Amino acid sequence: MSYLNIPRFHFAGRFQADPSTVNNNDANFDPTVAFTEAPANPGDPTNTSVYWNPNGTHNWELVGCAVRGAADGRGPFADPSLDAIIGAEVCSSGDYPAKLVDLDPDNQQVSQIWGLEIEVRIPDPKDASQTLASVTGVMPPTAFGDLWSRATNAPRPGMPTMSAAFQAVLINVKWANPGASPLLAALQQVSPTSLSIRFVVDSYQPSAKQSNFTYGRVVGTIGPALSGDAPRSTPRRLAPVYSTPAGNGAYLSILSTYGPAGALWDAGRKRLVLDLGNCVPTVWSLPGAGPSVPVAGWPAVTCSLQLSCGTEVIGWLSPLEMKSGAGPLSTGASAALHGHIAFDTATYLTYAGIVETAVPDSQISLVLRSPLTLTNVDAGQIAVQEDPAGRYVDVDQPFLRLNPGDSADVTLRATKLGQPWAGVTLPVDLQPVAPAANGGPWNNNDPPAALMLSAAAVVTGADGTATLKLTAGDPGTPRLYRDGQAGPDGQIYAVTSLRPIPGQPPQLAPVLWPSVGQVFLFPGAPINVLVFSRFAMPAQPNWDDHVGPILSLYARLYPYMKGIIDLADYATVTQNAEDIQAVLNLPVESPHYMPIVRDLSADKLAMINRWFENGMPKSRAASHVIT
């Protein structure tokens, strides 16, 4: 949650996400089945549709982003005369574009960005081609959260109506002349080696017939990374309004048309900071001309929001404070503005939807000890509301890829009214065996014994955290087609404490710990794991029996690669052996790592490396090798 602290700055612009969609379909992993462009029966698990972007590169980039607003000890501001950071470029940097990939075709709910390097650059006013000051950082592999259909008035949900957030801590931070910006200089002093970032993506265009195909809107915030803060999650404090509890800590439905909101109590400044960037809905409309999704994104709902604890309105907010940063209105201003947040598209784009209010001394205790409610005064509707006891639980790492024998620790974080929640017992368990999430003729979470948990429950310490150890076994080959061909490698597992409601599928319940919201509308689980299958090392690996089928599958699933190198062709692979082996053995965090989707097990990589070292024989009976 450190990005909500000061000093911080906010950016807005566009992003490009260009994933290949061939591997989104379980059926496409069967090499004996031909692809189809448009299946007659979309719900048929045997169809081999390549979906909407078969030639995608998997690249993910920031495009045309700039700093719009900032906040420091003076409060929020957006005037470039106050600091050179306003107007600074925010762009993807590095030698190679970052990559966007799913965990697995059977788990597309924790899509991750790998290898994203971000540069914030202030151009030299005398020569815009030169840099006056900059800061650069690398985002570790990060999955989106808080996925929801944000354009709530749209006739049907889909990628253009969806919104999600990425949050992480930037590492390998490098500064150049930060003194040119008072805010950058202050940020370096507070957080010299790492920075906290959160950005929201929405208004995505998935239609290849449109000029903005694969582009969408992004707004984000970069601030300090403070010791002890969660790297990924923000204490929720405000979540959509659910219906009456249905037992077992779950709810039947969601009543609100709003998304979740984070909150931070800044004790030093006596301010409550709210992140409404992924909370306020957008307005869908059928464009009269131009792309079917507006290039600038769907506008945010213009609304007046009232923040309260119980029946008492908190603080003093005004449109002036939120938009220009000129400060709150005087006490002689219209009483109608008292305690209201004026939210619109300008608030979203200038401050990434982050607003703050000064809390009078008389109300501080109320804010720290009572649940918060945000009401849309215009509509007479409760927008978002804190759990009655202020409870929230999340995880630092929602996705893992494990080889047999690997272990990994996952940190669970519990907060209560935004503060660490110590001594709470959190039950954990594997989700039960169930039909494949993406239509394959097999089950997921099967066999259960291939992913072992260190405990059936963990207890949080004084800092509100607890550690769960996961250990991978060998799942065998549970994902097989009816013709005997192997499907995706390994098996997908989900770790949760969700207790099924009788008569309802587990994935329909949005609450994963009793009365505690996890990732909003997350249809799977807070912890998602791909466990690879054991692969026995052949005495003499060859192309026809061992290496060829693996590399040919990548050529099939990612057609874009054929324009660069045909991995299904033995002669091409052997001629480019040095380069291919190099990218296969890069650190997995590298944006240039292959395979892009990070689904090559350690056993198979070892076998391919041995094949290279042995001279790359084509067949078992090969009498010669290539040197």
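Above this note sits the structure.
As the structure is a computational prediction, the values presented were derived from the model and not from experiment.

Caption draft 1: Local environment of the overall build of the chain. Along its length, the chain carries eight helices and 38 strands. Within the chain, the fraction of its 627 residues that count as buried is 56%. Considering only contacts in the chain between residues 6 or more positions apart, those separated by 24 or more positions represent 71%. In the form shown here, the chain has an accessible surface area of approximately 24,400 Å², with 55% of it arising from carbon and sulfur atoms.

Caption draft 2: Expanded view of helix α7 (residues 577–584). Residues Ala577, Ile580, Val583 and Leu584 constitute the buried set of α7. Taken end-on, α7 shows its buried residues confined to a sector of 140 degrees, consistent with a single buried face. Of the exposed residues in α7, those oriented more than 90 degrees away from the buried face are Glu578 and Asp579.

Caption draft 3: Up close: the pattern of salt bridges. Using the criterion set out here, one finds 20 salt bridges in the structure. The residue Arg269 makes a salt bridge to Asp266 at a minimum N-O spacing of 2.9 Å. Between Asp489 and Lys604 there is a salt bridge, with its nearest N and O atoms 3.7 Å apart. In this pair, Asp489 sits in the loop between β34 (465–472) and β35 (491–496) while Lys604 sits in helix α8 (residues 602–613), placing the two residues 115 residues apart along the sequence. Among the residues examined, Asp489 registers a relative accessible area of 18% and is labelled buried.

Caption draft 4: A look at the sheet that holds strand β38 (residues 527–531). Ordered in space as β25-β38-β35-β29, the four strands form an open sheet in which the pairing is mixed. Since the sheet does not close on itself, it has two edges, and those belong to β25 (399–402) and β29 (429–430), each with one partner. Sheet analysis places β35 next to β38, joined by five bridges and oriented antiparallel. When the bridges of β38 are listed, Ala494 appears paired with Asn528.

Caption draft 5: Summary view of the packing of aromatic side chains. For the structure shown, the criterion picks out 16 aromatic pairs. Look at Trp60 and Phe199: their rings are 5.5 Å apart centre to centre, the planes differ by 35 degrees, and that puts the pair in the tilted class. Taken as a pair, Trp60 in strand β2 (residues 59–72) and Phe199 in strand β11 (residues 195–202) lie far apart in primary sequence, 139 residues in all. Counting every residue linked through ring pairs, the aromatic cluster contains Phe15, Trp52, Trp60, Phe144, Phe166, Phe199, Tyr204 and Phe213. Taking NZ or CZ as reference, Arg74 lies 4.6 Å from the ring centre of Phe77, over its face.

Caption draft 6: Fine view of the sheet that holds strand β21 (residues 354–358). Taken together, three strands build an open sheet; the order of strands is β16-β17-β21 and the sheet is antiparallel. One side of each edge strand has no neighbouring strand; the edge strands of this open sheet are β16 (262–266) and β21. Neighbouring strand axes in the sheet, compared pairwise and without regard to direction, differ in orientation by 20 degrees on average. Bridging between β16 and strand β17 (residues 271–275) involves five bridges; their strand directions are antiparallel. When the bridges of β17 are listed, Asp266 appears paired with Arg271.

Caption draft 7: Spotlight on unusual backbone geometry. Omega for the bond connecting Asp446 with Pro447 falls within 30 degrees of zero, at 5 degrees, which places this linkage in the cis form. With respect to the helices and strands, Pro447 occurs in the loop between β31 (443–444) and β32 (451–453). A positive phi angle is found at Asn177, which is not glycine, with a value near 50 degrees. Mapping Asn177 onto the fold places it in the loop between β10 (162–176) and α1 (182–190). Taking relative accessible area as the criterion, Asn177 reaches 44% and is therefore assigned partly exposed. One non-glycine residue with positive phi stands out, namely Asn445, at about 60 degrees. On the accessibility criterion, Asn445 (6% relative accessible area) is buried.

Caption draft 8: The arrangement of the side chain of Asp83 in detail. Tracing the backbone through its elements, the reader meets Asp83 in the loop between β3 (75–77) and β4 (89–93). One buried charged side chain, Asp83, makes no salt bridge at all; its nearest oppositely charged neighbour is Arg74, positioned 4.2 Å away. Every residue in contact with Asp83, bar those within four places of it in the chain, is listed here: Arg74, Phe77, Ser181, Pro182 and Leu183.

Caption draft 9: Broad picture of the packing of helix α5 (residues 543–557) against α8. It is the contact of α5 with α8, at a shortest axis distance of 11 Å, that shows an interaxial angle of 120 degrees. It follows from the interaxial angle that α5 and α8 lie oblique. Regarding α5 and α8, the two cross each other, and that crossing is left-handed. Judged by residue contacts, Trp543, His546, Val547, Ile550 and Leu551 of α5 engage Lys604, Met607, Ile608 and Trp611 from α8. Its residues assigned to classes, the contact of α5 with α8 comprises seven nonpolar, one polar and one charged.

Caption draft 10: View of the pairing of strand β23 (residues 381–385). Looking at chain direction, strand β13 (residues 239–240) and β23 are connected through two bridges and run antiparallel. Within β23, the residue paired with Ala239 across the bridge is Gln385. One ladder, built from four bridges, connects strand β22 (residues 372–376) with β23; its direction is antiparallel. Within β23, the position partnered with Thr373 by the bridge is Gln385. Counting the residues between successive antiparallel strands, the hairpin from β22 to β23 contains four residues, one of them, Gly380, with a positive phi of roughly 65 degrees.

Caption draft 11: Representation of the nonpolar core. Leu551, Leu567, Leu584, Ile608, Trp611 and Phe612 are the most contacted members of the largest nonpolar core, which has 42 residues in total. Going through the elements one at a time, α5, α6 (570–575), α7 and α8 are the ones with two or more residues in this core. The greatest single-element share of this core, amounting to seven residues, is contributed by α5. Other than its neighbours up to four places away in sequence, Leu567 contacts Trp543, Leu551, Ser552, Tyr554, Ala555, Val573 and Ile580. With 41 residues, the next largest nonpolar core counts Phe15, Val135, Leu184 and Tyr204 among its residues.

Conventions adopted
- Residues numbered from 1 in each chain as written.
- Predicted model: local features only at pLDDT ≥ 70, side-chain atom pairs only at ≥ 80, totals over all residues.
- Heavy atoms only, no water.
- Helix = DSSP H or I, 4+ residues; strand = E, 2+ residues; numbered from the N terminus.
- Buried < 20%, exposed > 50% of the residue type's maximum accessible area, 1.4 Å probe, protein only.
- Contact = heavy atoms within 4.5 Å.
- Areas by Shrake-Rupley, 256 points an atom, 1.4 Å probe, with all protein chains shown as cover.
- Arc of directions from axis to C-beta.
- Salt bridge = Lys/Arg side-chain N within 4 Å of Asp/Glu carboxyl O.
- Pairing = 2+ DSSP bridges.
- Phe/Tyr/Trp six-rings, centres within 6.5 Å; stacked < 30°, edge-to-face > 60°.
- Lys NZ or Arg CZ within 6 Å of the ring centre and 35° of its normal.
- Axes fitted to C-alpha atoms, helices over the stretch in contact; angles between N-to-C directions.
- Lys, Arg positive; Asp, Glu negative; His and termini not counted.
- Parallel < 35°, antiparallel > 145°, perpendicular 65-115°, else oblique.
- Left-handed = near helix turned anticlockwise from the far one by under 90°.
- Nonpolar A, V, L, I, M, F, W, Y, C, P; charged D, E, K, R; others polar.
- Core = buried A, V, L, I, M, F, W, Y, C linked by side-chain atoms within 4.5 Å.

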